[in-house]
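Take a look at the letters that make up each chain.
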Number of protein chains: 4
Amino acid sequence: MALWDGRFSTGPHRALTEFTESISFDQRLYKHDIAGSKAHAQMLGASGIIPQADAAKIIAGLDAIERQIDKGDFEFKAELEDIHMHIESALTAQIGEEGARLHTARSRNDQIALDIRLYLRDQIDLIASGLRDFQRALVHQAGLNATHILPGYTHLQRAQPVLFAHHLLAYVEMFDRDLGRLADCRKRLNVMPLGSGAIAGTTLPIDRALTAKLLDFPEITRNSMDAVADRDFACELLAALALFGTHVSRLSEDIVLWCSAEFAYVELADEFCTGSSLMPQKKNPDVAELSRGKAARVIGDLMALLTLVKGLPLTYNRDMQEDKEPIFDAVDTVRKILAVYPPMVQTMKARPENMLKAARDPALMATDLAEKLVALGVPFRTAHHRVGALVKWCKQTGKPLNGLTIEEMLSVIPEATPECLDLFSPEKSVTAREIPGATGFNEVRKQLDFWEKTLAAN
Amino acid sequence: MALWDGRFSTGPHRALTEFTESISFDQRLYKHDIAGSKAHAQMLGASGIIPQADAAKIIAGLDAIERQIDKGDFEFKAELEDIHMHIESALTAQIGEEGARLHTARSRNDQIALDIRLYLRDQIDLIASGLRDFQRALVHQAGLNATHILPGYTHLQRAQPVLFAHHLLAYVEMFDRDLGRLADCRKRLNVMPLGSGAIAGTTLPIDRALTAKLLDFPEITRNSMDAVADRDFACELLAALALFGTHVSRLSEDIVLWCSAEFAYVELADEFCTGSSLMPQKKNPDVAELSRGKAARVIGDLMALLTLVKGLPLTYNRDMQEDKEPIFDAVDTVRKILAVYPPMVQTMKARPENMLKAARDPALMATDLAEKLVALGVPFRTAHHRVGALVKWCKQTGKPLNGLTIEEMLSVIPEATPECLDLFSPEKSVTAREIPGATGFNEVRKQLDFWEKTLAAN
Amino acid sequence: MALWDGRFSTGPHRALTEFTESISFDQRLYKHDIAGSKAHAQMLGASGIIPQADAAKIIAGLDAIERQIDKGDFEFKAELEDIHMHIESALTAQIGEEGARLHTARSRNDQIALDIRLYLRDQIDLIASGLRDFQRALVHQAGLNATHILPGYTHLQRAQPVLFAHHLLAYVEMFDRDLGRLADCRKRLNVMPLGSGAIAGTTLPIDRALTAKLLDFPEITRNSMDAVADRDFACELLAALALFGTHVSRLSEDIVLWCSAEFAYVELADEFCTGSSLMPQKKNPDVAELSRGKAARVIGDLMALLTLVKGLPLTYNRDMQEDKEPIFDAVDTVRKILAVYPPMVQTMKARPENMLKAARDPALMATDLAEKLVALGVPFRTAHHRVGALVKWCKQTGKPLNGLTIEEMLSVIPEATPECLDLFSPEKSVTAREIPGATGFNEVRKQLDFWEKTLAAN
Amino acid sequence: MALWDGRFSTGPHRALTEFTESISFDQRLYKHDIAGSKAHAQMLGASGIIPQADAAKIIAGLDAIERQIDKGDFEFKAELEDIHMHIESALTAQIGEEGARLHTARSRNDQIALDIRLYLRDQIDLIASGLRDFQRALVHQAGLNATHILPGYTHLQRAQPVLFAHHLLAYVEMFDRDLGRLADCRKRLNVMPLGSGAIAGTTLPIDRALTAKLLDFPEITRNSMDAVADRDFACELLAALALFGTHVSRLSEDIVLWCSAEFAYVELADEFCTGSSLMPQKKNPDVAELSRGKAARVIGDLMALLTLVKGLPLTYNRDMQEDKEPIFDAVDTVRKILAVYPPMVQTMKARPENMLKAARDPALMATDLAEKLVALGVPFRTAHHRVGALVKWCKQTGKPLNGLTIEEMLSVIPEATPECLDLFSPEKSVTAREIPGATGFNEVRKQLDFWEKTLAAN
C-alpha cells in the first residue's frame, strides 16, 4: 500500500512498481534520510507543531531503525518505492500514530533535496581526503626522484629534458585545482532546502533556521520552487569529478607509456598488475588502463545528468529521480580510483637509467643552443632557424649534434662560439632552467618543499 | 589464486582485486560464456586438438555448472576476477585435468568478444519484440481513435487539425526505423570472433567455421587484431538505443502535456500513475516522465562508450572492460521501458471531447483558407499574406475568424468567395487532406490497415 | 614559409596546411595575443634579455598591427597557420630584425595558454554582466506581477498556488549560482602561464612576476609542464555555461508552455516572435525554443572538450588545438542568448486573469486542508489520507471540493471543522505561506526587495 | 520584410533577427533547396495546381538564381532568415507574381526536411568515396610491408609478433563496417518528405510520387507528422561518423606511438608534419593528433544533436534549427580528415628494422611455447602455468628465454622437448599462425588479395 493512495481507485500495476521504485539504489541514503528526519522532528517539536513528546518518540524510533539497517536487519521492498517511504512506514509500524506526524510540513521533494545534499557533502569530504592522499603519493614519489632526468614530451616527441619530479608535480597541481572545485561546489550545495515543501513552502509555522543549525548548514535556500527543482550542485559536482577523471586519465596514459617495453621508465609493483589468460609473459598496468576508462564513465554520467535536466519545466518532475544513479556512479567510481591509485603510485619504481639514456639525445638540447645564441645577441627567430638548419645538416651528414667540431658548427651557425659545443648535456640543460615554475633542480626542490609543507598541514 | 600468475612474485593487492574484478557485473553472461565454451570444446575435440572424450567431459561439466548457476547455487568471488575464470576454475575443480584443456587456443580477449556478441544478439531480439509490442499498443490506441481530431502542434502552438490516430502512428513510424537499425546492427555483430586468440590467432589447427556453425553465426571475423579490439557493435547498438530513447522521450513529452489539466486530452489508468506524499489530489504521469529521463541515461551510456574507445591503440586495452556496464545499463533501461510503456499506452483513455474543442479554434483552418484562395487562382504567397492580414484584422476587431460576413472577408481578401466562409471546421479540414501521408480520414485508415497487417505478420 | 621549417626538407602539403591551420578561428584572439606580446616584450627589455630600444620598437609595431587588424586591413592566410605566426611575421616585415627578437624565451605552447586565459577572462566578465541583466529583467517582470497567482506545477500537474513573481525569482536564484561558478572559474584561470616555454621553462633570466603584473594577473603558474598541458579552466567554464544552458532551457520550456493556447499565461511581444511560411495565424516563441536548443549545443561543446583532453599524455599535444572551437562556440552561444533573452523577458506581458482562473482549481488547496487538519491535531499521514479520500469521493460524486457542505466533508473527514470549508481560495493559500523561502505575499515582497537592492549594487 | 508577417503588428527586433537567422549557415544548402524547388514546381505544374507556364518560368528563374549564387553574385542578409526565404524572395523579385506560386502546398518544415536529406545523401556518397580511398592507402601500405613483423600489443605491452600488414588491415575492416553503416543510413534517409506540409499534408491534389521520382527517391514518407518532426537520419549519420572518428583516433594513437623516438616504427613524410616555434629539432605527427582530437568533436556533435531532440513534443519545434550546425560540423570534420589522412598513410615509411628488433624479444613467443606443450599433450592451463614459471625463472636468473639449455628448460618444464628451444623466432611464430583471420604470411597475403580485389571493384 502506498502512502499517497487516498485518491486512487486501483493499486499500482506490477510493472509500474518495478519501473518507478528507487529503493534499490536510494537505500544508500538511509543515514542521511534519518539524520534529516530527526532534525525535522526536533524542529517540529520545538516549534510546537507536533507535541515535544511525539518528537522525542520519533527520534528514538528513527535511531532504532538506523541501527536495524546498519545491522542488515531491515527489509527493502519495491512496493514501498523509496527510502523515505520505507523509513516512515517502519517508524509508524514501530511507534504507532506518532510516526504519522513525521511527514508534517514536508514533501518528498524537499526531503530528497536535503538527503542528497547531506550525502554529497559527506562524499565531497571523503573524495577531498582521497585527493590529498593522491597528492601525497605523488610528492613522495617525486621526492624519491628529485634529481632524475627524463625527456619531457610534446606531441609525444621528445622535447626537452625535465626532472621526473617536475613531471609528477604537474599532477599535484591538477589535483589541487580539483580540490578547489570541490570546495567551491561544497559551498554552493551547503544550503538547507527543507521547508520548501512540494513547491510552495508550508502553511505551518516551521523554523527553518533551527533545522539548518541542527544539520550544520550555514544557510537556508531562499526560494522554495528553486529548491525543489534544483540539481545544480549535482551537475557541478559531476563536472568537477569528470575533470578529475581527465586528470587521472592523463596520468594513466603516461604510466601506460612508461610501463611499455619501449619507454621502460617505470615498473609497477606486481601486486598492482595482472597477467594474461593466454600469454604467460604478460604483466599489465590494469589500474592505469581501467582508470583511464573510468574517466569516460564519469563523463557519461555528467552527460546523462545535464541532458536529464535540460528542458524540464519547473518544478519537480519525476525524470529527476534518474539523477541518483549517475550521481552515485560518479562518486563511487572516483572513490574506487582513489582507493587503488595512491598506493600504486607510492610503490612504483622509477628506472632512472632508462630515463637518462633517453634524455641524452642531443636533439633535446637544440633549444638550449638557440637560447645560447640569443644570449650572444642573435635574434631568437634567426637563432631558431640556424639551429633548425644544423639539425637538418646533422641528419643529412649523419653526424651527431653533440659530436661536431667548432668548424662544422660555424659552417651552419656563423655566430657560434666554442661554448655552444658544450650544451648537449641534459644535466646542464636542467640546471640552466631556474626561473619560477621551470624544471631546474633548485626550483623543483623548492616546489617539493612547498608541497610537503602544504600536505603536512592538511 | 589467479589463473595467470605463473610469472608473478606476489599475489594481487586487495585494492587491486576489488578494482579490477568484473564478476559483479559480467556474471550475467554465464549462459553465453558456457554456450561459447561448449562449442569451443566440441570443435577442439572434432579437430583432434584435445581428445574427443575430454571434450565430452568438458561439455557435460559445463552443463552441470550452468544448472548450478541457474539454481543460484554457485559462489562468485572477486579473487576469480571474471565469469570466464569462474567457470574454468569450477570446471577443473569438478572434472579434473580435462578442464585444464578448455582454454586451449583461446584467450579471454576473443572469448569476451564472443560472449558479448552472443548476449547482445539475444538482447536485440528481445528488444525488437518489445518494440513490436509497443507498435501494437499504439496501433490499438490509434484504432480506437481513428476519427478523433485534435490540434496538431508546431512550436507547441496549435497549427492544424489532425487525427489523434495520425499523431500516434507517427511514433509507429519512428519505432519502425528503430527496428531497422537494430536489424542492421544485428547483422554486423553476427560474426564469430573466436579463434582470434589474444591478438594473433593461434598456432593450433582450430576449425573456426565449425565453431561458427555450432553457435549459429553466418560468418567469421577476417582479422584477429580487429576482432579483439572492436567494440563497434556495442557503440552502434547504443546509438540505436539512444535514438529509440529520444523517440520515447518525445512521446513522453506529448503524454505529459496531454495529461496536464490544461490539455486534458488523455487520461492514464490509475495503475500506471503514482501520487504525492504531500499533495493528496495529485496523479502523476510518472512512467512518461521517468522514460523521458531514462533517454538521458542511454545517451550518457553511449557517450561513455564512445569516449572510452576513443584514442585507444590496438588491440585490447583493459579500459575496454568498462564497456560492459554502459552496455548492460542501456539494454536494461530500454527493456524496462518496453515492459511498462506498451500496457500503459494500451490502457490510456483518450478524451476526444477536449481534443475536438481545442481543434475548433478557427485559426487552425487559416491554411485551408489560403489554400482555397490558391485553388481560386491566387498565388500562394499573396494568399498567405491576405489570410495573415485577416487574422490580424480579427484580432484587432475582436471578431472570430469563423463569424465573418462575406463583406467583412472581402474587405481584407478581395478574392474571397462565399465558400471561403465555410472552411472553419476541423472535420472539413481533415477530410480535405487525402494525399499520401496526410491526415485525411481515408488516408489514416489506410495507414492503420497497413500497420495492422504488418504487425499481424510479425 | 613556416617559421619553424629549419629542419624540414620539403614544404607542407597543401592538404596539411588546410588541415592544421587555426587562423580561420583563432584570429579572434588578436587583441589578447598582442597584449600578451607587448607585456612579454616589455619584460624582455626590462630584464636586459633584449635591448630596451628593441622592446620599444616591438611594442610600437604591435600597436600598429592591432590598429591594422581593427580596421580589417590585415591579410590572414592559411600558410601562416595561426594568429601568433601572423603577428610575428607582420612585425618582422614591418620593423625588421628587432621583430625576430619577440619570440625569445617563449613558445606557442605558453603563448596560447596565455591568450586563451586573457580572452576568457574578458568573456567571463561580459557574460557575468549579461547574467546580471537577465536577473534584472526577471526581477522587473516579477515586480510587475508581485501579487499575481498561478498554479505551481510538479510533474506538469497543478500542485499548489504560487505567485508568478515567486516562479520568476526561482530563475534569479539559478543565475546567481551561475554567477558564483563563473567567479570561481575566473579565479582559477587568472594565473599567468607565460615563461613556461614549450614545456620546461627557459634558460634565459626572464621576470615572470613582471609579466604577470603588466597583464594584471595576481599569480603565476607554479609548474611549467602543467601550465602548457592544462585546459581545466576551459572545461570548468564550459561546465558552468552548460549549466546556465540548462537553466535557460527550463525557463524556455516554461515560456513555451505559457505561450501555448492551453496555458495562455503570457504573451510575448510581436517583435520577439516569428510566424509561419505556411500557416498565416502562427506566432511562435522562437527565442525560447532556440535557446532551449542551444543548451544542447553547449552541452555538446563541453562533451567535445572533456573527450578531447581525456587520455592525452603530458604535455602539449596537437589535439589541444581542437579546444578552441568548442570554447568559442559555447561562449558565443551564451552571449547570443544573453543578447536577446533579457529584452524579451522585460517586454513580455503576463495574463494574470488566465493564471488566476487556473489557480482557482480547488484541488490545488488540498494540501492546505491536510495542513489545517494537522493544526487541528490530526497526524499528517492520516490527514493526507483523509483528504485523498475526499478527492476521490468528489471525483466519484461529481461534487466540487469547494462546494461541499460540512456534513459531506465530515462524512469523509470526521475531524473537519467549518473552517475547513473555507480554505479553497488561492489567495488564502498564498497568504498562509509566509515562512522564509515560501510563496507568501510578504515573503516574496521581501525577496523582491532583496534582489532589487542586490542588483542595484552590481 | 518577412514573408510571414501578415498577422504581425511590429517588425522583428534587431536582436531577434540576429538570433533566429540561419542564413549564415544554411546557405550551403542552396543547390539542394533549388533542386527541390524545381521538382516541386514541375510537379505543381504537371498536377495542374499552378499553370504549366508558371512552373516553367519558376524553373528558369531558379536556374538563374543558382548560377548567380554559384558565381558569388547573390546577397545574403539576416532579415531574410534562411535559404528558403532568400531564394523565394529573389525568385519573385526576378520573375514577378509567378514566383509567389512556388510555395504552394509546401511549408518550410517539409522543405528543410527535403533539403537536408538531399544534402546528406550527397555527403554520404562523398564520405563513402573518401573511406574507400582511405582503405586503398592502407592496403597499399600493407602491400609494401606484407612480410614485415612487429610486436602486436595488448595493454600497450608487447604480446605476440604480427605482420605490420595485418595491423594495418585491421583498420581496413573497421572502415568497411563504417561503410556498411553509411549505406544503411543512406537507405533510411532516402525517403521523400515533401508534401507533408507544416504537419498535416495539404488540401491541394499534389503528386508526391512524381516529386519523388524527379528527385530520385525510391519512396515517400508515410506519415506527415513524423516526416516534419524526424531527425533520425541525422542522428544515425552522426553516430556512424562518431564511430568512424573513434577508428581514426585509434589509428592516430598507433601512428603517434610509432612516430615516437621510443617506438620509431614509422616515419611520416616531412610534408605531413609541422615543427615547433621554439624547439628547432621537432617534427610532429600533427595530422594524427588533430584527427584524434577531431573524433572528440564529432562525438560532441552527436551528443548535441541527441540532447537537442530529446524531450521535444511533436512536431516541428524551432529548437530543431539547431540541428544544422552539428550536422555540418560533423560532415565537414570527417571530410577534412578524409582529405589529408589517406595521402599521409600512402606516403609514410615503415622502418621494418626497428619493428623486427622489437619483435625479437623472446617473451613474445611464450604463447608459442605453451601451445607447443599443448601439442605435446599437456593441458593448456598447465602449459600456461609452466611457461609463466619459466618466465619468472629467467627473470630471476637473468637468463634469456631463448638462451636456455634443454636441462634448464626441463628443470621448470618437465614435458619440454628439444624443439621447444627452437620456437623463439618471430618469423616462425608468424609462420605458424595460418588459420583464417590470423597473422600468418599466407593468410595475410590472402586478405591483401581479397581487399585489393574488393577495392578495385569499388
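The coordinates are above.
For clarity, every value in this text was computed on a predicted model and none was experimentally measured.

Caption draft 1: Main features of the overall build of chain A. Looking only at helices and strands, chain A has 18 helices and six strands in total. Over its C-alpha atoms chain A spans a radius of gyration of 30 Å, topping by over 25% the 23 Å that the globule rule assigns to 458 residues. Based on the C-alpha atoms only, the size of chain A along its principal axes is roughly 100 × 55 × 40 Å. Expressed as a percentage of its 458 residues, the buried residues of chain A come to 70%. In chain A, of all internal contacts separated by at least 6 residues, the share reaching a separation of at least 24 is 76%. Counting only carbon and sulfur atoms, one obtains 53% of the accessible surface of chain A, whose full area is about 13200 Å². Looking at charge distribution, chain A has the averaged site of its 52 positive side-chain charges lying 3 Å from that of its 62 negative ones.

Caption draft 2: A look at the interface of chain A and chain C. The interface of chain A with chain C comprises 117 residues on the first partner and 117 residues on the second. With both chains or domains summed, chain A and chain C bury close to 9700 Å², and 58% of this area falls on carbon and sulfur atoms. Counting across the chain A and chain C interface gives 19 salt bridges. Summed over the shared surface of chain A and chain C, the result is 59 residue pairs in polar contact (both at pLDDT 80 or more).

Caption draft 3: Expanded view of the packing of aromatic side chains. By the definition in use, this model includes 37 aromatic pairs over all chains. Ring geometry for Phe74(A) versus Phe76(A): centroids 5.2 Å apart, planes at 50°, classification tilted. The buried category is assigned to Phe74(A), whose relative accessible area is 14%. Following the ring pairs from residue to residue traces out a cluster consisting of Tyr153(B), Phe263(B), Tyr265(B), Tyr153(C), Phe263(C) and Tyr265(C).

Caption draft 4: Spotlight on the pattern of salt bridges. Per the stated rule, a full pass over the model turns up 195 salt bridges over all chains. A salt bridge links Asp82(A) to Arg108(A); the shortest N-O distance between them is 3.0 Å. Separated by 26 residues along the polypeptide, Asp82(A) in the loop between helix H4 (52-70) and helix H5 (83-95) and Arg108(A) in helix H6 (residues 108-144) bring together distant segments of the chain. For the pair shown, Asp82(A) and Arg108(A) are each scored as buried. Its salt-bridge partner being Asp176(C), residue Arg132(C) comes within 3.2 Å of it at the nearest N-O pair. Pair noted here: Arg132(C) is in helix H6 (residues 108-144) and Asp176(C) is in helix H7 (residues 164-189), with a separation of 44 residues, a long-range link. Judged by its relative accessible area of 23%, Asp176(C) is partly exposed.

Caption draft 5: Local environment of the nonpolar core. Counting residues in each nonpolar core, the largest one holds 562 residues, and the members touching the most others are Tyr341(A), Tyr341(B), Tyr341(C) and Tyr341(D). Not counting residues up to four positions away in its chain, the partners in contact with Tyr341(D) are Phe134(D), Val248(D), Leu251(D), Ser252(D), Ile255(D), Val287(D), Ala288(D) and Ser291(D). Core analysis: the next-biggest nonpolar cluster, separate from the first, contains 50 residues, Ala366(A), Ala438(A), Ala55(C) and Ile69(C) among them.

Caption draft 6: Region of interest: the relation of the copies chain D and chain C. Least-squares fitting of chain D to chain C yields an RMSD of 0.0 Å, with the superposition described by an axial translation of 0.0 Å and a rotation of 180°. As the rotation angle and translation indicate, the two copies are arranged about a two-fold axis. Closest approach to the rotation axis within chain D is made by the C-alpha atom of Gly300(D), at a distance of 2.2 Å.

Caption draft 7: Spotlight on the relation of the copies chain A and chain C. Note on the identical chains: chain A maps onto chain C by a rotation of 180° and an axial translation of 0.0 Å, with an RMSD of 0.0 Å. Residue by residue, 100% of the interface of chain A is reproduced at the interface of chain C, so both copies engage with the same surface.

Caption draft 8: Structural context of the interface of chain D and chain C. Contact with chain D, which involves 60 residues of that partner, is made by 60 residues of chain C. Summing both sides of the interface, chain D and chain C together bury roughly 5400 Å²; the carbon and sulfur share of this comes to 62%. Where chain D touches chain C, the interface holds ten salt bridges. Residues Arg318(C) and Asp286(D) are paired through a salt bridge, measuring 2.7 Å at the closest nitrogen-oxygen approach. For the side of chain D that touches chain C, the elements supplying multiple residues, two or more each, are helix H1 (14-20), helix H11 (286-309) and helix H12 (324-347) of chain D.

Caption draft 9: Structural view of the environment of Glu271(A). Residues and elements named next belong to chain A. Mapped onto the secondary structure, glutamate 271 falls in the loop between strand E5 (266-267) and helix H11 (286-309). Under the relative-accessibility criterion, glutamate 271 is labelled partly exposed at 26%. In sequence terms glutamate 271 and threonine 347 are 76 residues apart; their C-alpha atoms lie 9.7 Å from each other.

Caption draft 10: Representation of helix H4 (residues 52-70) of chain C in the model. Residues and elements named next belong to chain C. The end-to-end C-alpha distance of H4 is 27 Å, a good match for the 27 Å that 19 residues give at a rise of 1.5 Å each. By the burial criterion, the buried members of H4 are Asp54, Ala55, Ile58, Ile59, Gly61, Leu62, Ile65, Glu66 and Ile69. Each buried residue of H4 lies within a common arc of 165° when the element is viewed along its axis, so the set occupies one face. Turned more than 90 degrees off the buried face of H4, the exposed positions are Gln52, Ala53 and Arg67. Buried residues in H4 make contact with helix H3 (30-46) and helix H5 (83-95).

Caption draft 11: Quick peek at the pairing of strand E1 (residues 149-154) of chain C. Residue and element names in this part refer to chain C. Most of E1 is tucked away, with six of its six residues classed as buried. Summarising the sheet, E1 and strand E2 (residues 157-163) pair through six bridges and their orientation is antiparallel. By the bridge assignment for E2, glycine 152 is matched with glutamine 160. The antiparallel hairpin formed by E1 and E2 contains two residues in its connecting segment, where histidine 155 sits at a positive phi of about 55°.

Caption draft 12: Inspection of the layout of surface pockets at higher detail. The volume enclosed by the largest pocket comes to roughly 1400 Å³. Residue lining of the largest pocket: 42 residues in total, with Arg158(A), Asp361(A), Ala261(D), Glu262(D) and Ala264(D) positioned closest to the centre. Of all the secondary structure elements, the ones that give two or more residues to the lining of the largest pocket are strand E2 (157-163), helix H13 (352-359) and helix H15 (380-397) of chain A together with strand E5 (266-267) and helix H13 (352-359) of chain D. When its residues are assigned to classes, the lining of the largest pocket shows 22 nonpolar, six polar and 14 charged.

Rules used in this analysis
- Residues numbered from 1 in each chain as written.
- Chains lettered and ligands numbered in written order.
- Predicted model: local features only at pLDDT ≥ 70, side-chain atom pairs only at ≥ 80, totals over all residues.
- Heavy atoms only, no water.
- Helix = DSSP H or I, 4+ residues; strand = E, 2+ residues; numbered from the N terminus.
- Rg over C-alpha atoms; globule rule 2.2 N^0.38 Å.
- Buried < 20%, exposed > 50% of the residue type's maximum accessible area, 1.4 Å probe, protein only.
- Contact = heavy atoms within 4.5 Å.
- Areas by Shrake-Rupley, 256 points an atom, 1.4 Å probe, with all protein chains shown as cover.
- Lys, Arg positive; Asp, Glu negative; His and termini not counted.
- Charge placed at Lys NZ, Arg CZ, Asp CG, Glu CD.
- Buried area = accessible area lost by both parts, 1.4 Å probe.
- Salt bridge = Lys/Arg side-chain N within 4 Å of Asp/Glu carboxyl O.
- Polar contact = N/O pair within 3.5 Å; in protein donor to acceptor, adjacent residues only side chain to side chain.
- Phe/Tyr/Trp six-rings, centres within 6.5 Å; stacked < 30°, edge-to-face > 60°.
- Core = buried A, V, L, I, M, F, W, Y, C linked by side-chain atoms within 4.5 Å.
- Least-squares fit on C-alpha atoms with pLDDT ≥ 70 in both.
- Expected span 1.5 Å × (residues − 1).
- Arc of directions from axis to C-beta.
- Pairing = 2+ DSSP bridges.
- 1 Å grid on protein atoms, 1.4 Å probe; cavity = no way out; pocket = protein on both sides within 12 Å on 5 of 7 lines; lining within 4 Å.
- Points joined across faces, edges and corners; volume = space filled by probe spheres on them.
- Nonpolar A, V, L, I, M, F, W, Y, C, P; charged D, E, K, R; others polar.

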